[in-house]
Amino acid sequence: MASKTTRSSRPQRHHLITQSPHYPLVITIDGPGGVGKSTVAKLLAKRLGVMYLDTGATYRALAFAALERHLISDVPRLSAFARQLPLQLHGMADGSLQVLLDGRDVSREIRAERISEAAAQISQYPKVREAMVSLQRSLANAHGVVVEGRDTGSVVFPKATHKFFLDADPAIRAQRRQRELMKRYGSRSSLRLVQEQLQFRDELDRSRRVGPLVKPKGAIAIDTSRVSAAQVVRSMLRRIRPAPPLRPPRP
Ligand code: DC
């Protein structure tokens, strides 16, 4: 296990990251579903030796807990619950995140389609977003972070040192999501259904009043349609660590 972070033990860390010039590596990666954000963010965090933070997992964990507690449509109670969410994220040796709710491992459960739907619903509520943004900042590690989501460069870490925005052809995004669902759950959803679900959530993400999916100001856009995750990471690393200047040839 590479790192462990809990909400309650490190509540003030984001101040270091968002305000101190001494912690330069805050890298945000935003974009719609199916563009490869998670794969790229994990690889990049590993290459840079900093933590990986998946903000989507925080909405998913809240949605999971809200469904169990029948809070999904009770916005005032849901927002109050979000402010106390007993969430822990553990960075694993393989680069993935273990998601613990009240000590219970829900990493797999939160990826199910019904949770995707519930997370899309609750992420529309401004008070819920406010609580989740505060939680996400408190989870970030002061030594540096690669954070991915929809509003990480625009709202969560507007002063990030490097911002990226990934996008891809909708048909390719649907193929990737279909493959992922098949691998994880043996799901046999048709490509058309997967594409419709992605499109529906895209519209929700782009049209919400608070924290909509946008290309953050100053973010570098990368089209991932025809490049591998490793190529995307290489191109990001070139931006993060510019190549040293060429030495003039010896006389
Ligand atoms: O990236 P994902 O599919 O795991 O995200 C799950 C849901 O959470 C998705 O509907 C969008 C929402 N989300 C959000 O509103 N803001 C973020 N920064 C990350 C995710």
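Residues numbered from 1 in each chain as written. Predicted model: local features only at pLDDT ≥ 70, side-chain atom pairs only at ≥ 80, totals over all residues. Heavy atoms only, no water.

Q: Any details on the overall build of the chain? Residues and values, ideally.
A: Broken down by element type, the chain carries ten helices and nine strands. Buried residues in the chain amount to 49% of all 251 residues. Partitioning the contacts of the chain with sequence separation of at least 6, the portion at a separation of at least 24 is 77%. Accessible area for the chain stands at about 13,000 Å²; split by element, carbon and sulfur atoms hold 53% of it. (Helix = DSSP H or I, 4+ residues; strand = E, 2+ residues; numbered from the N terminus. Buried < 20%, exposed > 50% of the residue type's maximum accessible area, 1.4 Å probe, protein only. Contact = heavy atoms within 4.5 Å. Areas by Shrake-Rupley, 256 points an atom, 1.4 Å probe, with all protein chains shown as cover.)

Q: I'd like a rundown of the pairing of strand β8 (residues 162-167), residues and numbers included.
A: Two faces, one strand: in a regular strand the side chains alternate between the faces of the sheet. Of all six residues in β8, five are buried; the element is thus mostly enclosed. Alignment of strand β2 (residues 26-30) against β8, held across four bridges, turns out to be parallel. Looking at β8, one finds that I27 is bridged to H162. Here β8 runs beside strand β9 (residues 220-223); their pairing, made up of four bridges, is parallel. Counterpart to L166 in the pairing with β9 is I222. (Pairing = 2+ DSSP bridges.)

Q: Which residues make up the packing of helix α5 (residues 113-122) against helix α9 (residues 191-207), and what are the values?
A: Working note: a packed helix pair is described by the angle between its axes plus the distance between those axes. At a minimum axis separation of 10 Å, α5 and α9 run at an interaxial angle of 20°. As judged from the angle between their axes, α5 and α9 are roughly parallel. As α5 packs across α9, the resulting crossing turns out to be left-handed. Each of E113, S116, E117 and A120 in α5 lies in contact with α9, whose residues at this interface are Q197, R201 and L204. A class-by-class count of the residues in the contact of α5 with α9 yields two nonpolar, two polar and three charged. (Axes fitted to C-alpha atoms, helices over the stretch in contact; angles between N-to-C directions. Parallel < 35°, antiparallel > 145°, perpendicular 65-115°, else oblique. Left-handed = near helix turned anticlockwise from the far one by under 90°. Nonpolar A, V, L, I, M, F, W, Y, C, P; charged D, E, K, R; others polar.)

Q: A description of a positive patch on the surface should follow, citing residues and the corresponding values.
A: Side chains of R47, R234, R238, R239 and R241 sit close together on the surface and give a patch of like positive charge. Inspection of the secondary structure puts R234 in helix α10 (residues 229-240). (Patch = residues over 30% accessible without salt bridge, like charges linked within 9 Å, V, L, I, M, F, W, Y side chains within 5 Å. Salt bridge = Lys/Arg side-chain N within 4 Å of Asp/Glu carboxyl O. Lys, Arg positive; Asp, Glu negative; His and termini not counted. Charge placed at Lys NZ, Arg CZ, Asp CG, Glu CD.)

Q: Describe in detail the site of the ligand, supporting the description with residues and values.
A: The local shell around the ligand holds 14 residues, among which T55, R60, R129, R150 and D151 are the closest. Between R60 and the ligand, the recorded distance is 2.7 Å, taken from a side-chain N or O atom to an oxygen atom. Here an oxygen atom of the ligand sits 2.8 Å away from a polar atom, N or O, in the side chain of R150. Protein contacts shield 95% of the accessible area of the ligand, which totals 450 Å² for the unbound molecule. (Near = heavy atom within 4 Å. Polar contact = N/O pair within 3.5 Å; in protein donor to acceptor, adjacent residues only side chain to side chain.)

Q: Describe the pattern of salt bridges, and please don't skip the residues or the numbers.
A: Evaluation of the coordinates by the stated rule reveals twelve salt bridges. A salt bridge links R208 to D205; its shortest N-O distance comes to 3.0 Å. The class of D205 is buried, set by a relative accessible area of 8%. Within this structure, R150, D205 and R208 form a network of salt bridges that share partners.

Q: Describe the sheet that holds β9, listing the residues and the values that go with them.
A: As summarised here, the arrangement of the five strands in space is β3-β7-β2-β8-β9, forming an open sheet in which the pairing is parallel. Lying at the two open borders of the sheet, with one neighbouring strand each, are β3 (51-54) and β9. Across the sheet, the axes of successive neighbouring strands diverge by a mean angle of 20°, strand direction being ignored.

Q: Account for α10, with residues named and values stated.
A: With twelve residues, α10 ought to run about 16 Å at 1.5 Å a step, and its terminal C-alpha atoms sit 16 Å apart, in line with that. Of the positions making up α10, those classed as buried are V232, V233, M236, L237 and I240. Down the axis of α10, the sector holding all buried residues measures 135°, keeping them to one side. Of the surrounding elements, those touching the buried residues of α10 are β2, α2 (37-48), β8 and β9. (Expected span 1.5 Å × (residues − 1). Arc of directions from axis to C-beta.)

Q: Give me the lowdown on the side chain of S187, citing residues and values where you can.
A: The residue S187 is located in the loop between α8 (170-185) and α9 in this model. Within polar-contact distance, the side chain of S187 engages the side chain of S189 at 3.2 Å. In contact with S187, not counting residues within four places along its chain, are L181 and M182.

Q: Lay out α9 with the relevant residues and their values.
A: Under the 1.5 Å per step criterion, the end-to-end length of α9 is 24 Å for 17 residues, consistent within 8% with the ideal 24 Å. Listed as buried for α9 are V194, Q197, L198, R201, D202 and D205. Down the axis of α9, the smallest arc covering the buried residues is 140°, so these residues share one side. Across α9 from its buried face, at more than 90 degrees, point the exposed residues R192, F200 and S207. Here the buried face of α9 lies against α5 and α8.

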